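Structural features, examined
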Amino acid sequence: MHNGLGALLDQESLRNRLLEMANSTIDFVSIFNPEGQILYINPAGRELVGISRDEDVSLLKISDFHPQWALKELKEEVLPTLAEEGVWSGELSLLKRDGSTFPTSYVGIAHRSTDGSVQAFSVISRDMREVKEVERELKTFRALMDQSNDSIFLITPESWQFLDINGEACKNLGYSREALLEMTLADIEVGFTQSLKWHKYLTEVKSAGFLLLEGELKRKDGSTLPVEISVKYISLKDQNYLVAVARDLTLRKKYDRELTASREGFRNVVERNSDAIVVIDPGGNILFANQACKPVFGKESKELIGHKMPFSMHRGMPGEVEFVHKEKGKVTLSINMSESEWNQKPALLSTIRDVTSYKEMEKQLQTQKESLEDANLKLQELNQVKTNFVSTVSHELRTPLTVIMSSANNLLEGIRGELSEGQKKAVQKIVNHSSNLNQMINDLLDLSKMESGKIELQPESGDFANLAKPWIESLRTIARNKNISLTAEFPAALNPVWIDPERIQQVITNLVTNALKFTPEGGKVILFASQKKECLEVTVSDNGPGIPPDYCGIIFERFQQIKDNQPKARSTQGMGLGLSICKEIVLQHGGRIWVESQVGEGSQFKFTLPNVASVKAATSRHILVVDDDDEICGLVEAVLTSKGYPVTTCQNGADAIQLVQENPNQFGLILQDLMLPGTTGVEVVEAVRKAECLVPIVIITAYPNSESLFKAMAHGPLTILSKPFNPDHLMETVYKLLPKV
């Protein structure tokens, strides 16, 4: 020992006792002089900081055993306080020889000489690493407690006294923290002690380390809280604790009740389902069968459970199987299968339906379809024969008719000599009826050409007023002969229209001639036009007898005449083809034609012609296809895109309406079915026309005489494409209707 220590401890017995205490303690004990030179370090201290037993510590300084941040505190606070007050206590880190540090509780004492000066300092430092670790664990535990959504209790094992409680426990139970710390778990539990006593719980939790309980806790207001409590046995610094985590089961209990009711409801649904429902294990054994299995298998569901399926069932099997029923004979079953579980084991859930009758119906429908296709083909062939016949006969009739008309006119002009008045009247009748017959032949030829697609419009941009004036002038002779006023009225400026002048002249001539025919002497016929947003609306108005309402919807169909409204002498004139030809011409222009009339007040025949600007905007060559059958959509799209047309498809009416309403000029043509799910095809046609969209609409239908088609036609002109159709028919329709700009 250094001589300075001998001077300090001059009493032999005291020195020995102090050295014995220092050498036996587990703490770090050191003595150093005011200059910081080490005078003594006990064996435990040497081991703590890494000094060997034979190393001379007098060569060391106290600064060698403190990290840099601790040295500052040592020099600025610890040593000055020791020198002034004689003692200092606190926490200060020590530095080991390997460079690591550890926290200690630090107690320093100043030793003075008889004159009061500081002779030396002694320090006792206790390793605080374990204590700090426990503190960190407790701090982490407290943080977890405070952040948890469950109620957490720290409890003494012997008395079940609460040592700590988190905020969630106070909130759930309605007690303050101070009040709960005065209580035990037994004060708030309900139902936990019915089967076991708490000491038995303690024995179990000590043995297993963990215990799970379910019961209720009493709230301050007297109500109860259903909980699941997990209890864990832990040790911290030689102290034993119980940690109880109580989870609120209120929602789970509610869901359990709802799930039980739902399961009962599900079982009722399954039992009452009209389809057979079967659950089988991987070996094909029936685990469950509902009541609907009896008519399918001929056995009660109870008889089926535990037995093998009467036919093989496995994943990936065909959706239909044939099965021999003991009463019905051979039947066809449709099977829908999915993987499932039964009592937590793999199983297959199958829905089975007897589709034997449906299969028979399919065969019958297929036979009927083939018969209809054959009949349709024959009708097309007959229609073509009829068209060829009409065309041939019409041409053959024109030659003798020309001779008759020319000869009759020669007679009237006196080329063969003067005729008597009676002869003139007879020949005039020949001329008149020959002229009517000639018009009929022309109408038949026009209709035949339109049906065969041999007539193609030659539309161009035109001024309707300038074109129509000479047409009206050519009809004034007929009007004067009947003493009828024929006038044309047009606004000062009309937008250019998309028009084939020759064909629209044919429409105007037909409408005006009809008006003159049925207008009494002294009456008025007026041709006028009005500019609409995207089209020109042309009207031929008369003050004749009017048209009965029943005829307004069919007057533009072929061979339709209003015989009750015609003078008897004229009832045989014409075949009712003029207005149907007008309709075809207007449709090919992308317009529509209709009549507004009241009996006794005259009629107004109206049709529209698209403005050049709207036609150019609408002819983007973009075609909208609307059909709920994705195969039809795919077929039509493939044909159209192969010809260079952009196509948009949709399978319901609502989407089609939205597309058109968002941009009325987006499409140049609409191809649609009438039988659509939800929003019908008729509603689509109505919505398109209400959007003032003049785009041509082609109805693709297998029912050309359906009521839906007639309803759709009430909203404007439509083109019909019958199913089944081939790509050539489709493209002929597209080429006919999509304007060529």
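What you are looking at is a predicted structure, and each value in this text was computed from that prediction instead of being measured.

To continue, consider the sheet that holds strand 13 (residues 286-289). Strands belonging to one sheet form pairs held by backbone hydrogen bonds; the direction of such a pair is parallel or antiparallel. A sheet is described by the order of its strands in space; here five strands give the open sequence 13-12-16-15-14, paired in antiparallel fashion. Two strands lie at the open edges of the sheet, namely strand 13 and strand 14 (320-325), each paired on one side alone. Averaged over all pairs of adjacent strands, the angle between strand axes in this sheet comes to 35°, irrespective of strand direction. With ten bridges connecting them, strand 15 (residues 329-342) and strand 16 (residues 345-354) associate as antiparallel partners. Among the inter-strand pairings, Leu333 is bridged to a residue of strand 16, identified as Asp354.

To continue, consider helix 15 (residues 464-481). Residue pairs three or four apart in sequence face the same way in an α-helix, which turns once every 3.6 residues. Look at helix 15: 27 Å from first C-alpha to last across 18 residues, which is about the 26 Å you get at 1.5 Å a residue. The complete set of buried residues in helix 15 reads Phe464, Ala465, Ala468, Trp471, Ile472, Leu475 and Ala479. Directly after helix 15, the chain includes Asn483, whose backbone phi takes a positive value near 60°.

This part is about the side chain of Thr701. Mapped onto the elements, Thr701 comes out in strand 27 (residues 697-701). The class for Thr701 is buried, based on a relative accessible area of 3%. Not counting residues up to four positions away in its chain, the partners in contact with Thr701 are Asp673, Ile720, Leu721, Ser722 and Lys723.

Here we come to the confidence of the model for the protein chain. In this model, the protein chain carries an average pLDDT of 80, and 83% of its residues clear a pLDDT of 70 or more. The secondary-structure element of the protein chain with the lowest mean pLDDT is helix 1 (residues 3-8), recorded at 50, while strand 21 (residues 535-542) shows the highest, at 93. Across residues 565-572, confidence stays below pLDDT 50; counting only partners more than four residues off in sequence or on other chains, it has 13 contacts.

Attention shifts here to the pairing of strand 4 (residues 101-112). In this sheet, strand 4 lies alongside strand 3 (residues 87-95) in antiparallel orientation, the contact comprising nine bridges. Each residue of the ladder has a partner; that of Leu95, found in strand 4, is Thr101. The hairpin formed by strand 3 and strand 4 contains five residues between the paired strands, and Gly99 there has a positive phi angle of roughly 90°. Pairing analysis gives nine bridges linking strand 4 to strand 5 (residues 118-127), with the strands arranged antiparallel. In the strand pairing of strand 5, His111 is matched with Ala120. The loop that links strand 4 with its antiparallel partner strand 5 comprises five residues; one of these, Gly116, has a positive phi angle of about 90°.

The rules we used
- Residues numbered from 1 in each chain as written.
- Predicted model: local features only at pLDDT ≥ 70, side-chain atom pairs only at ≥ 80, totals over all residues.
- Heavy atoms only, no water.
- Pairing = 2+ DSSP bridges.
- Helix = DSSP H or I, 4+ residues; strand = E, 2+ residues; numbered from the N terminus.
- Axes fitted to C-alpha atoms, helices over the stretch in contact; angles between N-to-C directions.
- Expected span 1.5 Å × (residues − 1).
- Buried < 20%, exposed > 50% of the residue type's maximum accessible area, 1.4 Å probe, protein only.
- Contact = heavy atoms within 4.5 Å.
- pLDDT = per-residue confidence, 0-100.

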